[in-house]
Amino acid sequence: MPAIGRPLGGATDAGESRSRALASGIVSSLAGRLVGLAAPLLITPLAFRSLGTERYGLWMAVTSLTGMALFADFGLGNGLLTRLARLHGTGERRAASREISSAYGVLGVLALLLLAALLATLRWVPWPELLNAANPAVAADARSVVLLCFGAFLVNMPLALIQRVQYAQQQVAQSNLWQAGGSLVSVALVYVAVTGGADEVLVIAAAVLAVPVVNLANSVCYFGWQNRELRPRPGLVAVPAARGLLRLGARFFLLSVLSSVALNLDGFLIGRVLGLPAAAAYAVVLRVFGLLTLFVTLVNLPLWPANGEALARGDLTWVRRTTPRMVYLSAFVVALPGLTLVLFGNDVLRLWVRSADLAPIPRPLFAALAVWSVLLAVAAPLFMVQNSVGLLRPQFVGWTACLLLAVPLKIVLAARVGLSGVAMASAATYALTVLPAAVVGYRGALAERHHPRHRASSSTSRRAADS
């Protein structure tokens, strides 16, 4: 192996090629995502007017709980992305197929077990009371909405692995185009359900079931025709490969628990403290800012495998050059629309939702969410470097501190300030805890490449992945 921190021969050419691939992937993904970004803008006013304030708030409260369950794959998806990216670079197709088959096998069994548990406990859990559904008609639908949202989430757990496979194979644009297709299918189904006068629960079903159906279609097309060599097969499921994926994924598991809870708890807390109508209003505003954070994820996720390849080659120069550029790009693109929403947010919401049930939103709420979105954008490229080498301890410390500080602060400020207080608490606690952890972890990931022990650990992990 070369000296740690010193690029391999031809690393300059490899870096230029990597940068071109990253740029073209981002641009093509953005083009495909433009279609997908329009979907929430179309679904929200349709669903809000059809379901009403309280039933829509119920749906959003349940959705916030499914968002906190994103860790249910025990980090296996992230582990698969990391391992497949390396195998793609070394051209080990048979080993890649074994990893894919094992991942589908583990997540398929896990999804079935969790779905059985959901069905067994659905009647036991007092969902109407837990979700604070005061209207008897809305309370009667609570369990059906829970079953739909959690059921669709569990079914989609193994189906969503196709996105990780495509990202690892540097087919980012293709993956995002399929996801945009899922959003369009949701819009079409919700429109048909609403205009056809369907029951409110069927409107929600149309929205939540489209994504797993499209992921299934993507998987069939990809493994059936485009890349049969990587097709998951029962005979390739290997216990050692599954154990290796779970060990790697376990590094992401607790981090996913902390970050998912911290980022998705607001709807549930607001519903409990301020009521479901307030949760509905906050969810509508958050959907707009969600488009900004979606851009951050879209642009920066391809950095994960790209950074892994660059650091494995010893090309620290590329990482040091690319990461600050991505920080500036992410922050700038998020800050401009964020400022626009601070100034004209209520006008945007009136044109978008067109419902008298949505009360005017205070400007401090827009401002706090804009600041929070910029902070997310600044931290994202730094996290991608840490994820590529599995250095998660700084993130763990940061998110733990954030969760412990944010939950009580949000409850207190929600009661004293209102919705704006919740957003202020989100921005303040993130700036004080997670952002410093992102900076410390980024520096640690680069410093680790210079450490002499890294040579031995890299060789050991390579042998383990090949076994």
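Residues numbered from 1 in each chain as written. Predicted model: local features only at pLDDT ≥ 70, side-chain atom pairs only at ≥ 80, totals over all residues. Heavy atoms only, no water.

1. Examining the overall build of the protein chain
Across its full length, the protein chain holds 18 helices and 0 strands. In the protein chain, which comprises 467 residues, the proportion classed as buried is 54%. In the protein chain, the share of contacts with a sequence separation of at least 24, taken over all contacts with a separation of at least 6, comes to 85%. Split by element, the accessible area of the protein chain, about 20,200 Å² in all, is 68% carbon and sulfur. (Helix = DSSP H or I, 4+ residues; strand = E, 2+ residues; numbered from the N terminus. Buried < 20%, exposed > 50% of the residue type's maximum accessible area, 1.4 Å probe, protein only. Contact = heavy atoms within 4.5 Å. Areas by Shrake-Rupley, 256 points an atom, 1.4 Å probe, with all protein chains shown as cover.)

2. A look at a nonpolar patch on the surface
A contiguous nonpolar surface patch, about 340 Å² in accessible area, is contributed by Leu329, Phe332, Val333 and Leu336. With respect to the element layout, Leu336 can be found in helix 14 (residues 316-353). (Patch = residues over 30% accessible without salt bridge, like charges linked within 9 Å, V, L, I, M, F, W, Y side chains within 5 Å. Salt bridge = Lys/Arg side-chain N within 4 Å of Asp/Glu carboxyl O.)

3. Some details on the nonpolar core
Membership of the largest hydrophobic core comes to 141 residues, with the highest contact counts inside it found for Tyr56, Trp59, Leu349, Trp399 and Tyr430. Residues in contact with Trp399, not counting those within four places in the same chain, are Leu255, Leu258, Ser259, Ala262, Leu263, Phe383, Tyr430 and Val434. (Core = buried A, V, L, I, M, F, W, Y, C linked by side-chain atoms within 4.5 Å.)

4. Let's talk about empty space enclosed by the protein
This structure, assessed with the given rule, holds 3 cavities of 30 Å³ or more. Computed from the structure, the second largest cavity encloses a volume of approximately 140 Å³. Along its surface, the second largest cavity is lined by 19 residues, and Ala262, Leu263, Asp266, Lys410 and Ser426 are the ones closest to its centre. Those elements that provide at least two residues to the lining of the second largest cavity are helix 10 (239-264), helix 11 (266-273), helix 12 (276-300), helix 15 (363-389), helix 16 (393-416) and helix 17 (419-448). Considering every element that reaches the lining of the second largest cavity, the biggest residue donor is helix 16, with 6 residues. In terms of residue class, the lining of the second largest cavity is built from 15 nonpolar, 2 polar and 2 charged. (1 Å grid on protein atoms, 1.4 Å probe; cavity = no way out; pocket = protein on both sides within 12 Å on 5 of 7 lines; lining within 4 Å. Points joined across faces, edges and corners; volume = space filled by probe spheres on them. Nonpolar A, V, L, I, M, F, W, Y, C, P; charged D, E, K, R; others polar.)

5. A few points about the packing of aromatic side chains
Inspection of every chain in the model, using the stated rule, returns 8 aromatic pairs. Each ring, one from Tyr104 and one from Phe223, has its centre 6.0 Å from the other, and the planes form 85 degrees; the classification is edge-to-face. Remark: Phe223 occurs in helix 9 (residues 200-226) and Tyr104 occurs in helix 4 (residues 93-121); sequence separation between them is 119 residues. Comparing Tyr104 with Phe223 shows no difference in burial state: the two are buried. Each ring, one from Trp399 and one from Tyr430, has its centre 5.7 Å from the other, and the planes form 75 degrees; the classification is edge-to-face. With a gap of 31 residues between them, Trp399 in helix 16 and Tyr430 in helix 17 connect regions that are remote in the sequence. The class of Trp399 is buried, set by a relative accessible area of 6%. An aromatic cluster of at least three residues, connected via ring pairs, comprises Phe48, Tyr56 and Trp59. (Phe/Tyr/Trp six-rings, centres within 6.5 Å; stacked < 30°, edge-to-face > 60°.)

6. Side note on unusual backbone geometry
The residue Asn132 is not glycine, and still its phi comes out positive at about 60 degrees. Mapped onto the secondary structure, Asn132 falls in the loop between helix 5 (127-130) and helix 6 (136-159). Given the relative accessible area of 33%, Asn132 is considered partly exposed.

Structural measurements only, silent on function.
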